[in-house]
Amino acid sequence: MQTKRSIFHNRWLPYALLAPQLAITIVFFIWPASQAVKSSFEREDPFGFRTSFVWFENYTRILADPSYLNALGRTAVFSVSVTVLSMGLALLLAVCVDRVLRTRRLYTTLLVWPYAVAPVVAGVLWWFLFNPTIGLLPYILDGFGIDWNHRVNGTQAMILVTIAAAWKQISYNFLFFLAGLQSIPASLTEAASIDGAGPAKRFWTILFPLLSPTTFFLLLINVNYVMFETFGVIDATTSGGPNQATMTLVYKVYTDGVAGLNIGSSSAQSVLLMGIVILLTFIQFRYVERRVNY
Amino acid sequence: MMKSILSSGVALAALLAASAPALAQTEISWWHSMGGELGERLNAIAEDFNASQDDYVVVPSYRGEYEESMVNTIAAFRAGEQPHIVQVYEVGTGTMMAARGAVYPVYQLMEDHGSNFDPSAYLPVVTGYYTDTEGNMLSMPFNSSTPILYYNKDVFEAAGLDPEIAPATWEEMEAFSRQIIEAGAAECGFTMGYAATWLGTENLSALHDVPYGTLENGFSGLESELTFNHEIAVRLWENLADWQESGVFTYGGPAGGSDTGPLFYAGECAMVMNSSASRAGILANADFEVGFGMLPVFGDVDGAPQNSIIGGATLWVLSGHEDAEYEGIATFLNYLSSAEVQAAWHQATGYLPVTLAAYELSQEQGYYDANPGADIAINQINLNAPTENSKGVRFGNMPQIRTVLDEELQAVLSGDKTAQEALDSAVARGNQILRDFEAANN
């Protein structure tokens, strides 16, 4: 395989070209991350007058803390359900739009809109819809005999944040799935139709396997989205409650560090969170990618 | 490099400032958390002060809710950019007091720079919350409130209750609520903000004169332990869980209870308990006659009601500034404590008058005659001389303890735990938080 190769005659030019990106990475990612690693080994009062080095105490305490283990479990449930829900619905919508001939652009535009909504605003929208006092949906659900009160009922709170977080991500997944579908040559599906394969058969044996690179990419993106970017949604809808039912790892980092001013524990948690995401990404690349049909 | 750009920028700014006429004025920054209407009132105070003299300019700036503002202040302090004055909520008191190097105690500031400041002019129940064990006032009371009961007089009338009589005990709360629900006047009896915290444990303990924690509710040392899993709290929480089933009580959410207001305004709940500072908001939103009452107590407990405790915020002066600036801060705080400023703030906002003079001035001006119910809060904090159990609660990491309490009450309301289990667990978790704070501050 041939790769394109550029040759720089000036030795410093490539570094100079890289410098802005590197500077941003160092200032906004590497430096704060190293600070977090540092303070995860320390115990400190909020104002930073007394700092003592405590080795792994923050870590051992977190790992023995039932509320941290609870957050770990909640995060697992939350990320699986958000990923499955948002990717499943996005794929369904993409397949539908892909079959539409005339108004495809209109549907695409409309379906992409939610992505432009800020997470907090999305959270507030769903908070209004599901508000037990003034919301529309609890009123309708009441007609079916369902008493909706996510302020007390943890399962309902989890359903609420899952819907709100997935709704926002559907647009993004949809765009990629649609692009993926459109890049699959029509001749393949046409040939299958001539051989007598129905739409479902064509989807599962041709389209879905050929979409696997897109699906794999989206899986990574979605897990990262759930881990980090759902903060606004949770903050605006349930604030991690009731009784920690929607307390995800990233929200716990915030409540312990910012609201609780417990910097050591919060740093240790963010280091662990970073480790989890690195591990997940590694596993996905190492094992899942092998099965992907490029 | 960065630094030289920054300092040349500062030099430039200084040069520009030098050409402005306000050269001689010392600027005093004041970070606060008063949004909306309250923020405008606060700005007016600063403007009036600035107009009253030529030496100092107070510059207020809104820094988000109490929690955010406190975090911002701490971050600013660590970066050496702290404001002169910051408004900190009552649950942040323990953290601020422990931060000795960061705070310039108000009594010290006034001794060093203010000649005629008299701390005894302040209401004891207010200053008690913010003084150390030697009786020194550490921060300046500014906006204090206490929870009271609001009720819908129209609903009371429709249910055949006397609209002029507020329930005084929890037993009456239940009986009134049942009568209201049976009559179909409202779907729910009452709701409350801070159901697990400020009302449901802190004021509950104070009103029944039982300790919330050891060592004078944490006033006399960091080694204190929580004791709010007492019989009275268990009884209330048990009741709340039962009452929730029949509609006597509706939970309005954690912390301040963001849904309590809408529940009351919509006429769904006949009564609501929340801060006395909600008065203006409630009157503006309710299209019915609103009645006021004190917080209920259990009728069979001797000595109850004792007195309620306050919430709200005080002004803390931070260290690390110039003497001339502290001179200005002292002048400003003196101005703030004058009866006129205090009375105007109290009457406009519904916060308590924090000095006796402001209360008397409001009386003279006929404020309480024109606004029935406005003095309920004042009477409630002054019911009796505060005891060890009723002068307030002061613990480090108090915001975290409140979060724990919210969670545990939710577990009771969802039927996952009994009231006793939840309160025991809250005490155990809370004590762990207190030990962390003790370890970080020793």
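Placed above this text is the structure.
As the structure is a prediction and not an experimental result, all values here were calculated from the model.

Visitor: Outline the overall build of chain A, listing residues and values.
Guide: Secondary structure summary: chain A contains 13 helices and two strands in total. Along the first, second and third principal axes, the C-alpha set of chain A runs to 75 × 75 × 30 Å. Here chain A holds 294 residues, and 41% of them are scored as buried. Contacts in chain A between residues at least 24 apart in sequence constitute 68% of all its contacts with a sequence separation of at least 6. Of the accessible surface of chain A, which amounts to about 16,700 Å², a share of 68% is contributed by carbon and sulfur atoms.

Visitor: With reference to specific residues and values, describe the overall build of chain B.
Guide: Each helix and strand counted, chain B has 20 helices and ten strands in total. Scaling as 2.2 N^0.38, a compact globule of 442 residues should have a C-alpha radius of gyration of about 22 Å, and chain B matches this with 23 Å. Put simply, chain B has 442 residues, and 58% of those count as buried. Counting only contacts in chain B whose residues sit at least 6 apart along the sequence, the fraction spanning at least 24 positions is 77%. Only carbon and sulfur atoms are counted for the fraction: they give 51% of the accessible area of chain B, which is about 17,100 Å². Looking at chain B, you have 15 positive and 59 negative side-chain charges, and the mean spots of the two groups are 7 Å apart.

Visitor: Now, about a negative patch on the surface: what can you tell me, with residues and values included?
Guide: All names here are of chain B. A contiguous patch of negative charge on the surface is contributed by E111, D112, E322, D323 and E327. Breaking the negative patch down by element, the ones donating at least two residues are α5 (106-113) and α14 (323-336). Among the structural elements, E322 can be located in the loop between β10 (311-317) and α14. For E322, a relative accessible area of 54% gives the class exposed.

Visitor: Quick rundown of the interface of chain B and chain A? Include the residues and the values.
Guide: Of the residues lining the interface, 36 residues belong to chain B; the matching set on chain A comes to 28 residues. Across the chain B to chain A interface the summed buried area is about 2,700 Å²; carbon plus sulfur atoms make up 56%. On the surface where chain B and chain A come into contact, there are three salt bridges. Connecting chain B to chain A are eight residue pairs in polar contact (both at pLDDT 80 or more).

Visitor: Run through the packing of helix α11 (residues 231-246) of chain B against helix α20 (residues 419-440) of chain B, naming residues and quoting values.
Guide: Residue and element names in this part refer to chain B. Across the interface, α11 lies against α20 with an axial gap of 8 Å and an inter-helix angle of 125 degrees. Between α11 and α20, the angle is such that the two are oblique. As for how α11 packs across α20, the hand of that crossing is right-handed. Across the interface between the two elements, A233, V234, W237 and E238 from α11 touch A419, Q420, A422 and L423 from α20. Here the contact of α11 with α20 is composed, by residue class, of six nonpolar, one polar and one charged.

Visitor: Mind laying out helix α16 (residues 356-364) of chain B, listing which residues take part and the relevant values?
Guide: An α-helical segment advances 3.6 residues per turn. Residues three or four places apart therefore align on the same side. Residues and elements named next belong to chain B. A358, Y359, L361 and S362 are the residues of α16 that are buried. Buried residues of α16, seen end-on, are gathered within an arc of 165 degrees and therefore sit on one face of the element. The inward-facing, buried residues of α16 abut α15 (339-349), α17 (367-370) and α18 (376-381). Looking one or two residues beyond α16, the residue adopting positive phi is G366, at roughly 75 degrees.

Visitor: Give me the lowdown on the packing of aromatic side chains, citing residues and values where you can.
Guide: This model, assessed by the stated rule, comprises 46 aromatic pairs over all chains. Plain terms: the ring middles of F47 of chain A and F49 of chain A are 6.2 Å apart, the flat faces sit at 15 degrees to each other, and that makes the pair stacked. Exposure remark for F49 of chain A: the relative accessible area of 35% places this residue in the partly exposed category. Taking the centre distance of 4.7 Å and the plane angle of 25 degrees together, the rings of F142 of chain B and W345 of chain B count as stacked. Here F142 of chain B, found in strand β4 (residues 140-145), pairs with W345 of chain B, found in helix α15; they are 203 residues apart in sequence, far enough to count as distant.

The rules behind these values
- Residues numbered from 1 in each chain as written.
- Chains lettered and ligands numbered in written order.
- Predicted model: local features only at pLDDT ≥ 70, side-chain atom pairs only at ≥ 80, totals over all residues.
- Heavy atoms only, no water.
- Helix = DSSP H or I, 4+ residues; strand = E, 2+ residues; numbered from the N terminus.
- Buried < 20%, exposed > 50% of the residue type's maximum accessible area, 1.4 Å probe, protein only.
- Contact = heavy atoms within 4.5 Å.
- Areas by Shrake-Rupley, 256 points an atom, 1.4 Å probe, with all protein chains shown as cover.
- Rg over C-alpha atoms; globule rule 2.2 N^0.38 Å.
- Lys, Arg positive; Asp, Glu negative; His and termini not counted.
- Charge placed at Lys NZ, Arg CZ, Asp CG, Glu CD.
- Patch = residues over 30% accessible without salt bridge, like charges linked within 9 Å, V, L, I, M, F, W, Y side chains within 5 Å.
- Salt bridge = Lys/Arg side-chain N within 4 Å of Asp/Glu carboxyl O.
- Buried area = accessible area lost by both parts, 1.4 Å probe.
- Polar contact = N/O pair within 3.5 Å; in protein donor to acceptor, adjacent residues only side chain to side chain.
- Axes fitted to C-alpha atoms, helices over the stretch in contact; angles between N-to-C directions.
- Parallel < 35°, antiparallel > 145°, perpendicular 65-115°, else oblique.
- Left-handed = near helix turned anticlockwise from the far one by under 90°.
- Nonpolar A, V, L, I, M, F, W, Y, C, P; charged D, E, K, R; others polar.
- Arc of directions from axis to C-beta.
- Phe/Tyr/Trp six-rings, centres within 6.5 Å; stacked < 30°, edge-to-face > 60°.

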